[in-house]
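# Results of the structural survey
So the chains spell out like this:
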Amino acid sequence: MKKQVSACPMGLPTSLKAVVAGIAGINEPDGFRIDGFVAVVAELDFAMKTVEFFTERRSRLTSEQRTACCAEREGQSPDSEDTV
């Protein structure tokens, strides 16, 4: 499956590009691709929002609901670290 990619041309001041390259840990100005850096940062942001979503959902469950949910996992008893 091919990812859809859209163009987003940006004009950055040289000083800002150097700062972003430093954050990204890239020392070669000619080999630096800001679009790749932005894509990685966006994916990390999405991953963090996913963790926050499931953490919030989990916090709404009672201890009994968490235990029951874990117990349903392939008919196995919940592990001691799965329960609260």
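Residues numbered from 1 in each chain as written. Predicted model: local features only at pLDDT ≥ 70, side-chain atom pairs only at ≥ 80, totals over all residues. Heavy atoms only, no water.

Below, the discussion takes up the overall build of the protein. Tallying secondary structure elements over the protein gives three helices and zero strands in all. Listed by position from the N terminus, the elements making up the protein come as α-α-α. Considering the protein as a whole, with its 84 residues, one finds that 7% of them fall into the buried category. Accessible surface, the protein as shown: approximately 7500 Å² in total, 59% of it carbon and sulfur. (Helix = DSSP H or I, 4+ residues; strand = E, 2+ residues; numbered from the N terminus. Buried < 20%, exposed > 50% of the residue type's maximum accessible area, 1.4 Å probe, protein only. Areas by Shrake-Rupley, 256 points an atom, 1.4 Å probe, with all protein chains shown as cover.)

Residues Met10, Leu12, Leu16, Val19, Ile23 and Val38 make up a contiguous nonpolar surface patch of roughly 520 Å² in combined accessible area. Broken down by element, the nonpolar patch gets its largest block of residues, three residues, from helix α1 (residues 14–24). (Patch = residues over 30% accessible without salt bridge, like charges linked within 9 Å, V, L, I, M, F, W, Y side chains within 5 Å. Salt bridge = Lys/Arg side-chain N within 4 Å of Asp/Glu carboxyl O.)

Tracing the chain through its elements places Asp35 in helix α2 (residues 34–59). Along the backbone, Asp35 and Met10 are 25 residues apart, and their C-alpha atoms lie at a distance of 9.2 Å.

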